[in-house]
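Chains, contacts and geometry: an overview
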Amino acid sequence: MANFDDTLQLARLAFASGKTRNVSFRRKQLENLLRCYEEHENEIISALEADLRRPKQESLIVETEFMKNDIKHILYNLAEWVKPEKPDKSFVNLLDDVQIFNDPFGVVLVIGAWNYPLQLLLVPVAAAIAAGNCVVLKPSEIAGNCAKFIAETIPKYLDNDCYPVVCGGPTETAELLKQRFDYIFYTGSPRVGKIVHAAANKNLTPTTLELGGKSPCYIDKSVELRTAVKRILWGKLINCGQTCIAPDYVLCSKEVQEQVIVEAKEVLKEWYGDNIQSSPDLSRIINQNNFQRLLGLMKSGRVAVGGKYDASERYIEPTILVDVKQDDAIMEEEIFGPILPIYTVENAYDAIKFINSRENPLVLYIFTTETEVLDLFVNSTQSGGLCVNDTIMHYAAYLYLNCFPHLSQLLPNKIGKNHLYSTCSQTLKS
Ligand code: NAD
């Protein structure tokens, strides 16, 4: 059994030495991390291909470029962000000098998930470094090639006492969580989120949980359906549906459903050709467990588009299911694969009733050109994000801000500001 006492002891001593409080030191570490991404871009792309058969273009957009821009944004703003704040003064302090200093927490644990194995770990790590913390990096063991890259390459660029990498699965992570951390940043499923939260609670450790959830997509007949279907399928099929903010299921009328199916068949042919399995542009399911889980979900309803699969490649054809019932497994759990069920509703009121009878969505996607319909959703629902007439692109709006929420969570006094995306309970209409 792994024992993390020594690793934690070194990180604690490093933090106590005060070296991470030095802003130049932080800046140097971030510059090194940026250099690591630049010097090893091809290796990163190969690791993602080995784990997920991820197409290069996708890896560039959602991992390497994303991570590079994130660090550049931090480096550009760091001097401003670390300045003490001067809050408004009350009458009592009118003659005083009042300042808020943003102190680092101490030793932070960042636990990553497998679906975006680099950026989900390294973006919060960069924010924690910028905020002056020591950080223990725990990549997901499920994306094994990416975990190997992180364990072997990142330590060549970062201070090893301050930023150790720890590998392993549930057993090792459970052992790691017995240690006392000063902050825990976890990305992954709600099931494991509860375990992480319970472990953190023992020490009252502040925690960020970036969890999953279902993201409904309402379409009405006012929109131009070819474009809507393209945008929905694009959001669904990046990383083969293994994206926390992928549209999870569609809500629409029977009439719209019929047109969606016609359009979807044409769009898929246009994108992937007649033999989708031979296309280089569709990733694969991460492992056999998830592949088998998805085959189980495909038993719900009736296949209207796709439906083919090949276990030897963990390939699942982009699939649309109709006639699903609200208590089918596919309508209950987060799908996390290239399967899109359509649940028919009469109108927007019906859709809202359905959405509100469940956990708040991670993201709510609305396709309508009717302002009244949009207002109805905005005023009657709660969700982590709300994106209108497109999918995923709201995440890009956070690109500019994306390191800031992480950074702010790791700087005391700023917690709660700008937590723009993710956990089901957050509300943001953008
Ligand atoms: P996961 O929960 O299986 O694993 C995540 C991390 O938890 C891994 O590092 C793993 O080693 C660790 N872990 C697994 N089992 C554990 C246990 N029993 N005890 C302690 N640690 C354990 O999650 P996943 O399957 O890797 O990721 C998929 C989930 O993550 C989906 O629900 C998805 O929506 C969510 N997600 C959320 C975001 C977001 O930003 N909100 C981003 C990506 C993924």
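Residues numbered from 1 in each chain as written. Predicted model: local features only at pLDDT ≥ 70, side-chain atom pairs only at ≥ 80, totals over all residues. Heavy atoms only, no water.

This part takes up the site of the ligand. Near the ligand you find 24 residues, and of these Trp114, Glu141, Tyr186, Leu211 and Glu334 are the closest. A distance of 2.7 Å separates an oxygen atom of the ligand from a polar atom in the side chain of Trp114. Note that an oxygen atom of the ligand is positioned 3.2 Å from one of the backbone N or O atoms of Gly188. Contact with the protein chains covers 91% of the free accessible surface of the ligand, which is 850 Å². When residues of the shell around the ligand are traced back to their parent elements, those giving at least two are helix H7 (170-176), strand S3 (183-187) and helix H8 (190-202). Here the residues of the shell around the ligand sort into eleven nonpolar, nine polar and four charged. Split by domain, the shell around the ligand shows at least three residues from each of two domains, domain 1 (4-87 + 95-211) and domain 2 (216-395). (Near = heavy atom within 4 Å. Polar contact = N/O pair within 3.5 Å; in protein donor to acceptor, adjacent residues only side chain to side chain. Areas by Shrake-Rupley, 256 points an atom, 1.4 Å probe, with all protein chains shown as cover. Helix = DSSP H or I, 4+ residues; strand = E, 2+ residues; numbered from the N terminus. Nonpolar A, V, L, I, M, F, W, Y, C, P; charged D, E, K, R; others polar. Domains from an automatic or database assignment.)

Our next topic: the nonpolar core. Grouped together as the largest cluster of nonpolar side chains are 134 residues, with contacts concentrated most on Leu30, Leu118, Tyr218, Ile219, Leu251 and Phe377. Considering every element that reaches this core, the biggest residue donor is helix H5 (residues 119-130), with nine residues. Here this core spans two domains, and each of domain 1 (4-87 + 95-211) and domain 2 (216-395) adds at least three residues to it. Apart from residues no more than four positions distant in its own chain, Ile219 is found in contact with Leu225, Ile232, Val250, Leu251, Cys252, Val256, Val260 and Phe367. (Core = buried A, V, L, I, M, F, W, Y, C linked by side-chain atoms within 4.5 Å. Buried < 20%, exposed > 50% of the residue type's maximum accessible area, 1.4 Å probe, protein only. Contact = heavy atoms within 4.5 Å.)

Time to look at the pairing of strand S5 (residues 216-219). Burial of the side chains of S5 extends over both faces: Pro216 and Tyr218 are buried on one face and Cys217 and Ile219 on the other. In this fold, S5 hands off to helix H9 (residues 225-237), which returns the chain to strand S6 (residues 249-252); that crossover is right-handed. Two strands pair when backbone bridges link them, and S5 and strand S12 (residues 363-367) are joined in this way by three bridges, in the parallel orientation. Along S12, the bridge assignment pairs Ile219 with Phe367. (Right-handed = clockwise from strand over helix to strand, strands pointing away. Pairing = 2+ DSSP bridges.)

With that settled, the discussion passes to the environment of Ala311. Among the secondary structure elements, Ala311 is positioned in the loop between strand S8 (309-310) and strand S9 (315-316). Leave out the neighbours within four places in its chain, and Ala311 touches Gln288 and Phe291.

Across all of its chains, the model carries 21 salt bridges by this definition. In this structure, the salt-bridge partner of Lys68 is Glu65, at a minimum N-O distance of 3.0 Å. With Lys68 and Glu65 both in helix H4 (residues 56-81) and three residues apart, the pair spans about one turn of that helix. On the basis of relative accessible area, Lys68 is assigned to the buried category, the value being 9%. The exposure class assigned to Glu65 is partly exposed, which follows from its relative accessible area of 31%. We note a salt bridge from Arg302 to Asp323, for which the minimum N-O separation is 3.0 Å. Here Arg302 is found in strand S7 (residues 302-305), whereas its partner Asp323 is found in the loop between strand S10 (319-322) and helix H12 (329-332), with 21 residues between them in sequence. Of the residues examined, Asp323 reaches a relative accessible area of 42% and is grouped as partly exposed. A cluster of three or more residues bridged by salt bridges with shared partners is formed by Arg226, Lys230, Glu263, Glu266 and Glu270. (Salt bridge = Lys/Arg side-chain N within 4 Å of Asp/Glu carboxyl O.)

The parallel open sheet is built from four strands, whose spatial order is S2-S1-S3-S4. Two strands lie at the open edges of the sheet, namely strand S2 (134-138) and strand S4 (207-210), each paired on one side alone. With strand direction ignored, the average angle separating the axes of adjacent strands in the sheet is 10°. Looking at chain direction, S3 and S4 are connected through four bridges and run parallel. Note on S4: the bridge partner recorded for Thr187 is Glu210. (Axes fitted to C-alpha atoms, helices over the stretch in contact; angles between N-to-C directions.)

To continue, consider the UniProt feature "active site" (unreviewed entry) in the protein chain. This chain's UniProt record puts "active site" (unreviewed entry) on Glu210 and Cys244. These residues run over 35 residues, yet every pair of their C-alpha atoms falls within 9.5 Å of each other. Note on placement: Glu210 falls in strand S4. For Cys244, the position within the fold is in the loop between H9 and S6. Those residues in contact with Cys244 that sit more than four places away from it in its chain are Asn115, Gly213, Ser215, Glu334, Phe336 and Leu362. (UniProt positions renumbered as here; feature names shortened; annotations may be inferred.)

Here we come to the side chain of Thr187. In this structure, Thr187 sits in strand S3. Discounting residues that sit within four places of it in the chain, Thr187 has contacts with Ile111, Gly112, Ala113, Leu120 and Glu210.

A few words on the sheet that holds S5. Pairing within the open sheet is mixed, and its seven strands lie in the order S7-S10-S11-S6-S5-S12-S13. Of all the strands in the sheet, just S7 and strand S13 (385-388) have a single pairing partner and so form its edges. Neighbour-to-neighbour, the strand axes of the sheet open up by a mean angle of 25°, direction not taken into account. Where helix H10 (residues 254-272) meets the sheet, it contacts S5, S6, S7, S10 and strand S11 (339-344), and its direction lies at approximately 55° from that of S7.

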